[in-house]
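Residue-level structural notes
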There are 2 protein chains.
Amino acid sequence: MDLSERQLQILQAIITDYVENAEPVGSRSIAKKYDLGVSPATIRNEMSDLEEMGYLTHPHTSAGRVPSDKAYRLYVNTLMQKKNLSAKDKRMINDRLAASRDEFDRTIRHAAELLSEITNLASFAMTPATNEEQISFIRLLPVDRGTIILMIVGESGNVTNTTLRLNVPYTQEALDLLSKNMTVNYKGRTLDDVLKSEIIEDVGSDIEAMSQLKGNVMPSFIRTLEDMLNVNLYMEGMTNIFDLPEYSSIDRARDFMELFAQKDWFTQKMLARGEGVVVTIGDENDTMKDCTLITASYHVDGKLVGKIGVIGPTRMKYDEVTSIMEYLTNNLSETFRLVDNTNNTEDEG
Amino acid sequence: MDLSERQLQILQAIITDYVENAEPVGSRSIAKKYDLGVSPATIRNEMSDLEEMGYLTHPHTSAGRVPSDKAYRLYVNTLMQKKNLSAKDKRMINDRLAASRDEFDRTIRHAAELLSEITNLASFAMTPATNEEQISFIRLLPVDRGTIILMIVGESGNVTNTTLRLNVPYTQEALDLLSKNMTVNYKGRTLDDVLKSEIIEDVGSDIEAMSQLKGNVMPSFIRTLEDMLNVNLYMEGMTNIFDLPEYSSIDRARDFMELFAQKDWFTQKMLARGEGVVVTIGDENDTMKDCTLITASYHVDGKLVGKIGVIGPTRMKYDEVTSIMEYLTNNLSETFRLVDNTNNTEDEG
DNA sequence: GTTAGCACTCGTCACATCAGAGTGCTAATC
DNA sequence: GATTAGCACTCTGATGTGACGAGTGCTAAC
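Conventions and cut-offs
Residues numbered from 1 in each chain as written. Chains lettered and ligands numbered in written order. Predicted model: local features only at pLDDT ≥ 70, side-chain atom pairs only at ≥ 80, totals over all residues. Heavy atoms only, no water. Helix = DSSP H or I, 4+ residues; strand = E, 2+ residues; numbered from the N terminus. Rg over C-alpha atoms; globule rule 2.2 N^0.38 Å. Buried < 20%, exposed > 50% of the residue type's maximum accessible area, 1.4 Å probe, protein only. Contact = heavy atoms within 4.5 Å. Areas by Shrake-Rupley, 256 points an atom, 1.4 Å probe, with all protein chains shown as cover. Lys, Arg positive; Asp, Glu negative; His and termini not counted. Charge placed at Lys NZ, Arg CZ, Asp CG, Glu CD. Near = heavy atom within 4 Å. Polar contact = N/O pair within 3.5 Å; in protein donor to acceptor, adjacent residues only side chain to side chain. Nonpolar A, V, L, I, M, F, W, Y, C, P; charged D, E, K, R; others polar. Pairing = 2+ DSSP bridges. Axes fitted to C-alpha atoms, helices over the stretch in contact; angles between N-to-C directions. Parallel < 35°, antiparallel > 145°, perpendicular 65-115°, else oblique. Domains from an automatic or database assignment.

1. A short note on the overall build of chain A
A count of helices and strands for chain A gives 12 helices and 10 strands. Against the 2.2 N^0.38 benchmark of 20 Å for 349 residues, chain A shows a C-alpha radius of gyration of 27 Å, more extended than a compact globule. Seen through its principal axes, chain A has C-alpha atoms that stretch 90 × 50 × 35 Å. The burial tally for chain A puts 50% of its 349 residues in the buried class. The long-range fraction of contacts in chain A, counting pairs at least 24 apart against all pairs at least 6 apart in sequence, stands at 61%. Carbon and sulfur atoms form 46% of the exposed surface of chain A, whose accessible area is close to 16100 Å². On chain A, the mean spot of the 37 positive side-chain charges and the mean spot of the 54 negative ones are 4 Å from each other.

2. What about the protein's contact with DNA strand C?
Residues in contact with DNA strand C amount to 20 residues; listed here are only the nearest, Ser 27 of chain A together with Arg 6, Thr 42, Thr 61 and Ser 62 of chain B. Here the atoms of DNA strand C within 4 Å of the protein split so that 75% fall in sugar or phosphate, with bases taking the remainder. Measuring from a phosphate oxygen of DNA strand C, one finds a side-chain N or O atom of Thr 42 of chain B at 2.4 Å. Within the residue set of the surface near DNA strand C, elements represented by two or more residues are helix H3 (40–52) of chain A together with helix H3 (40–52) of chain B.

3. Considerations on the protein's contact with DNA strand D
Close contacts around DNA strand D come from 21 residues, with Arg 6, Thr 42, Thr 61 and Ser 62 of chain A together with Ser 27 of chain B the closest. Between Arg 65 of chain B and DNA strand D, the recorded distance is 3.1 Å, taken from a side-chain N or O atom to a phosphate oxygen. Taken together, the elements giving at least two residues each to the surface near DNA strand D come down to H3 of chain A together with H3 of chain B. For the surface near DNA strand D, the per-class residue count stands at five nonpolar, 12 polar and four charged.

4. Focus: the pairing of strand E10 (residues 304–313) of chain B
Residues and elements named next belong to chain B. With 10 of 10 residues buried, E10 is to be regarded as a mostly interior element. In the sheet, strand E3 (residues 122–129) pairs with E10 via six bridges, with the strands oriented antiparallel. Counterpart to Met 126 in the pairing with E10 is Lys 307. For strand E9 (residues 291–300) and E10, the ladder comprises 10 bridges, and the chain directions are antiparallel. Residue pairing in the sheet places Thr 292 in a bridge with Gly 312 of E10. Taken together, E9 and the strand that follows it, E10, pair antiparallel across an intervening segment of three residues, in which Asp 301 is found at a positive phi of about 60 degrees.

5. Quick look at the packing of helix H1 (residues 5–21) of chain B against helix H4 (residues 69–79) of chain B
All names here are of chain B. Contact geometry for H1 and H4: axes closest at 11 Å, N-to-C directions at 110 degrees. Put simply, H1 runs roughly perpendicular to H4. On H4, the residues that touch Leu 8, Leu 11, Gln 12, Ile 15, Tyr 18 and Val 19 of H1 are Ala 71, Tyr 72, Leu 74, Tyr 75 and Leu 79. Each residue belonging to the contact of H1 with H4 can be placed in one class, and the counts come to 10 nonpolar, one polar and no charged.

6. Here's the deal with the sheet that holds strand E6 (residues 159–165) of chain A
All names here are of chain A. The strand order across the open sheet built from three strands is E4-E5-E6, with neighbouring strands paired in antiparallel fashion. Edge positions in the sheet fall to strand E4 (135–144) and E6, since each of these pairs with one other strand and no more. Averaged over all pairs of adjacent strands, the angle between their axes in this sheet comes to 20 degrees, without regard to strand direction. Across eight bridges, E4 lies against strand E5 (residues 147–154) in antiparallel orientation.

7. Here we look at the domain arrangement of chain A
Per the domain assignment, the segments of chain A are domain 1 (5–79), domain 2 (87–128 + 232–348) and domain 3 (135–230). Computed from C-alpha coordinates alone, the two centres of domain 1 of chain A and domain 3 of chain A are separated by 62 Å.

Here is the structure:
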């Protein structure tokens with residue numbers, strides 16, 4: 001059932017050609033362009049066999065062959081070779097990421113931009129999922145008589161805040177006490193842990209005013225924690241796909257765009273994917289069955305995991321795209337490793 | 001040069017018909033559907049005159065007439081009558097906005113959703129521009145040895161924060177002093193005012209540690225203020241336009257989608273538009289010359305101004321869309337009037 | 001001023017035709 | 001037995017043609 005060396009060569013040639021030109025490739029053009037030392041007729045015979053094995057398909061009798069999902073899968077798993085990025089691309093990535101390195105979200109957005117610019121595909125990047133982040137402290141700050149700010153700070157410096165309208169007056173003393181008690185109670189626990197525990201722990205009622213305040217604050221506390229879990233999703237180059245013949249029909253293009261309209265759904269899907277470079281081709285996806293989706297993960301301080309990805313037709317340059325993504329995620333992880341180790345670097349000396 | 005009563009009637013009929021069916025309308029169908037008491041031939045003569053005056057165009061000899069931008073402008077300015085929203089739509093708007101009223105950004109997003117759902121066009125909503133917002137206080141909070149949080153709070157409870165990496169150690173005392181001095185210095189000033197003043201005021205150097213800290217914090221302070229100015233833009237129903245015959249060509253659809261890819265540019269454009277319901281039709285726009293853009297503004301506490309809008313082909317139901325937008329912005333302004341007066345309401349009693 | 005009548009224009013649709021690309025098979029060749 | 005040349009066959013896409021219908025614009029009659 002294994003493919004012969006020649007079959008592999010022919011398959012690779014067909015994939016290369018089809019990825020390049022987006023048109024079914026015939027036996028004659030393979031024979032001419034790729035020096036396989038055999039005639040078109042022989043190639044035709046092999047093609048016929050490859051089709052029988054499910055690696056090729058046939059739009060109609062008198063058209064050339066088109067690689068199937070199975071062929072791309074074989075290509076990605078065994079045929080494909082890592083590509084070296086051009087010096088220009090490397091420089092572009094390095095420069096652009098370095099330029100915004102102290103502003104986390106902007107760096108992530110730049111990563112998405114770079115990815116779509118270099119690959120000419122639709123891309124996205126998202127900030128890390130923070131389920132595992134530990135709470136560092138909780139602070140309540142007064143704004144005016146009826147309004148306070150609830151602020152939750154994570155260990156990595158991740159901050160979320162909500163403005164709360166209270167229906168009872170508060171005292172500064174109660175505010176401080178409640179902040180302190182909440183911090184004592186939750187410090188060091190992960191967001192996931194707190195959100196999963198069914199009971200909202202009592203944080204004490206040292207004084208009367210605090211007890212009232214607590215009633216106001218605690219429900220919002222949970223909602224704010226949930227907010228903190230939300231990842232930011234940056235999408236770029238959506239309109240790139242209009243240039244591809246695969247999406248030249250308005251219906252195809254619409255389906256594609258609609259995928260991204262549902263950001264929440266999309267985010268969930270992407271979070272659920274494994275770490276490292278993950279390629280899912282055509283039918284391997286449960287939605288977008290005629291797309292290929294490639295994701296890769298970067299790390300923040302070795303712990304939190306963020307994702308970047310591209311979406312395009314199954315016909316794409318797998319070798320280039322995966323190489324770029326690998327380079328990009330390595331760069332991101334490196335950038336954010338430094339960020340979070342600031343207090344251990346020579347800067348402090 | 002004024003149009004006769006009959007010409008206006010015919011023009012209105014043509015607009016109504018064309019908006020409904022998206023097909024050039026002929027003299028016969030006008031005569032049949034709208035009881036004007038004249039024959040098709042007469043209508044043809046009037047149409048010819050209207051075309052000469054620039055209110056109608058002619059795709060080709062044997063096609064019916066199509067309203068020009070000028071015709072729509074006339075319609076919007078003088079012919080159009082306010083539409084009453086259906087009870088269903090009103091209820092939908094009220095319910096959906098009420099459901100999220102204490103979470104500002106979510107309410108805004110819901111407004112955009114409602115707008116696209118009811119009009120079947122692409123819509124957006126943005127949070128208020130906060131140039132005029134006054135700074136309430138500034139706070140510096142420690143995270144770990146080399147990291148602090150800079151937090152700026154506006155009068156309306158609007159909060160922005162940045163996580164800063166320092167290259168010198170800090171003391172709690174310096175942090176507190178700097179917070180306090182910065183607050184004293186900037187409290188009550190508007191963001192616009194602070195950002196426009198060329199000199200960064202000296203906030204004093206009461207102790208040595210503070211002077212060093214200051215050098216680290218002040219540059220980020222400006223950048224954080226700028227962040228605070230950023231409005232959030234929510235877009236909905238982009239894919240609605242694929243259903244319209246105007247965008248059935250892939251190129252048109254692409255142009256349309258590309259407009260929205262540049263969020264920053266788009267935001268600036270929208271901020272620059274006047275308050276109230278503003279309609280710009282076709283050529284009146286400097287980009288998207290074949291679209292109509294309708295924006296409307298809502299108020300937060302009578303001061304800050306946010307915008308909602310729809311974008312579609314010039315062929316749209318101007319009367320319905322403007323009425324919906326008016327209703328929606330009134331509702332939003334009402335909602336946010338209450339929000340920001342909390343501390344004056346009976347809740348406090 | 002209005003209208004009926006009619007010639008004319010233009011776009012669309014269905015249909016036929018033709019060239020080109022590519023296959024699949026058979027028989028000849030290595 | 002594998003490879004190849006040759007050829008009939010298939011299908012697409014481009015091009016052309018004619019009929020049809022919608023709608024105008026003009027003229028002459030009302």
